[in-house]
Amino acid sequence: VRPGELGLRMQRMLQDEQQSRILQERFSPTCLLRPLVCSWGTWPLIRDNHGEEFHLPPGMATWQAAWQQDYAALYPRRRLTWLPSLSRVTLTYYTANDRSYELQVTQPMASLLLWLAAETEAGRRLPVKELAGRLGATEQQTLRLAKGFLQIGLLTLEEHCLVVN
């Protein structure tokens, strides 16, 4: 980046932030999905998911599809690319003793937790293989997503099933 370009890039990044907020209000102000639309060539983005495209739980998938449809209607010549591994999802985890923890995770990690939480709430345990199928991932990718949650004790691995504690 040449010295004169840095200021222009920073200005464009701020414009992208502002434009994304406007689009959010226009498309679906009550939606919890808040994408940041990044101008090509301005942000130092890379596709870092190595071809991994994880399936979203139904609620998240509905929000993403609606947002994408609204964006395509407004900008028919532009292509929207989702970068889930660069996302940030805020989840609040409540323990049995009324403590709460706020977690900042990626979209694939949030998907894993939401699939597991739905099964746990229904009183079912989900084998890693079946969870991987729902995520559209391999068992190895699924366990890699769960690794941090296993380390902090949010999840446990019991008889080839990930269980929410």
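Up top is the structure.
Notes on the structure follow.

Rules used in this analysis
- Residues numbered from 1 in each chain as written.
- Predicted model: local features only at pLDDT ≥ 70, side-chain atom pairs only at ≥ 80, totals over all residues.
- Heavy atoms only, no water.
- Helix = DSSP H or I, 4+ residues; strand = E, 2+ residues; numbered from the N terminus.
- Contact = heavy atoms within 4.5 Å.
- Pairing = 2+ DSSP bridges.
- Axes fitted to C-alpha atoms, helices over the stretch in contact; angles between N-to-C directions.
- Buried < 20%, exposed > 50% of the residue type's maximum accessible area, 1.4 Å probe, protein only.
- Arc of directions from axis to C-beta.

Examined against the element boundaries, serine 20 turns out to sit in helix H1 (residues 3–27). Apart from the residues within four sequence positions on either side, serine 20 is in contact with Pro35, Leu36 and Val37.

Strand pairing in a sheet takes place through backbone hydrogen bonds and is either antiparallel or parallel in direction. Spatially, the 3 strands line up as an open sheet ordered S3-S5-S4, and their pairing is antiparallel. Strand pairing shows two members of the sheet lacking a second neighbour, strand S3 (126–127) and strand S4 (155–158), which therefore form its edges. Of the strand pairs in this sheet, S4 and strand S5 (residues 161–164) are connected by 4 bridges, and their pairing is antiparallel. The partner of threonine 156 across the bridge, within S5, is valine 163. Across the sheet, helix H5 (residues 139–152) lies against S4 and S5, angled at about 125° from S4, the strand it touches most.

All right, on to helix H4 (residues 128–135) then. Since there are 3.6 residues in each turn of an α-helix, residues three or four apart along the chain are aligned in direction. Among the residues of H4, those classed as buried are Val128, Leu131, Ala132 and Leu135. Across the axial projection of H4, the buried residues extend over an arc of 105°, all falling on one side. Close packing links the buried residues of H4 with helix H3 (107–121), S3, H5, S4 and S5. Once H4 ends, the next one or two residues include glycine 136, with phi positive near 75°.

Turning our attention to the environment of methionine 109. Counting through the fold element by element, methionine 109 comes out in helix H3. Each C-alpha atom, one on methionine 109 and one on proline 57, is 11 Å from the other, the two residues being 52 residues apart in sequence. With residues near it in sequence (within four places) discarded, methionine 109 still touches Leu145 and Phe149.

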